[in-house]
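Listed below are the residues making up each chain.
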Amino acid sequence: MFRNVLGKLATESVRVHRYVKPAPLIRRVTPSSVSVRSFTDVKDEAQLPFDASLLQFLVCPLSKKPLRYEAKTNELINEELGIAYPISDGIPNMIPQEARLIQKDADTSTTPTQE
């Protein structure tokens, strides 16, 4: 019985291989046939604009307060905590560890000057 199973398996596999078309050869890739873009070819591309309508949904993850968009620095500002979240390619990076501390104008104007 074992011999019959092995014999049948061998003949079935030969039939399968007979009807299978061989795969085409893989074309060799030469440097002239591939378009390679290096980092030096990349120009300073304009960043994607931030959609200001998102401000009605976005809040600071730390204080849960609304944020203000600063177009000049392309950041979302939390005035209460004095931190700024960067925006990359139109997507705000709301990770607190990635936020930048900003100096509040009110704090610098109230400090006494030394005489």
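Residues numbered from 1 in each chain as written. Predicted model: local features only at pLDDT ≥ 70, side-chain atom pairs only at ≥ 80, totals over all residues. Heavy atoms only, no water.

> If you had to explain the pairing of strand S2 (residues 75–78) to someone new, which residues and values would you point to?
Burial along S2 is two-sided: Glu75 and Ile77 and Leu76 and Asn78, pointing in opposite directions, are all buried. In this sheet, S2 lies alongside strand S1 (residues 68–70) in antiparallel orientation, the contact comprising three bridges. By the bridge assignment for S2, Glu70 is matched with Glu75. Connecting the antiparallel pair S1 and S2 is a turn made up of four residues, with Asn74 showing a positive phi of about 55°. Direction of pairing for S2 relative to strand S3 (residues 83–88): antiparallel, over a ladder of four bridges. (Buried < 20%, exposed > 50% of the residue type's maximum accessible area, 1.4 Å probe, protein only. Helix = DSSP H or I, 4+ residues; strand = E, 2+ residues; numbered from the N terminus. Pairing = 2+ DSSP bridges.)

> I'd love a proper account of the nonpolar core, names of residues and values included.
If you look at the biggest cluster of nonpolar residues, it comprises seven residues: Phe50, Cys60, Leu67, Leu76, Ile83, Tyr85 and Ile87. The biggest single contributor to this core is S3, with three residues. (Core = buried A, V, L, I, M, F, W, Y, C linked by side-chain atoms within 4.5 Å.)

> Tell me about the packing of aromatic side chains, and name the residues and values.
A full pass over the atoms with the stated rule returns one aromatic pair. With a centroid separation of 5.0 Å and an interplanar angle of 35°, the aromatic rings of Phe50 and Tyr69 are classed as tilted. Residue Phe50 is found in the loop between helix H1 (2–19) and S1, and its partner Tyr69 is found in strand S1; the two are separated by 19 residues along the sequence. You can call Tyr69 partly exposed: its relative accessible area is 24%. (Phe/Tyr/Trp six-rings, centres within 6.5 Å; stacked < 30°, edge-to-face > 60°.)

> Lay out the pairing of S3 in plain terms, naming residues and giving numbers.
Between S2 and S3, which follow one another and run antiparallel, lie four residues, and Gly82 among them has a positive phi close to 75°. Here S3 runs beside strand S5 (residues 100–101); their pairing, made up of two bridges, is antiparallel. Opposite Ala84, over in S5, you have Arg100 as the bridge partner. Pairing of S3 with strand S4 (residues 91–92) involves two bridges; the strand directions are antiparallel. Of the residues in S4, the one forming a bridge with Ile87 is Pro92. Between the end of S3 and the start of S4, which pair antiparallel, lie two residues, with Asp89 showing a positive phi angle near 55°.

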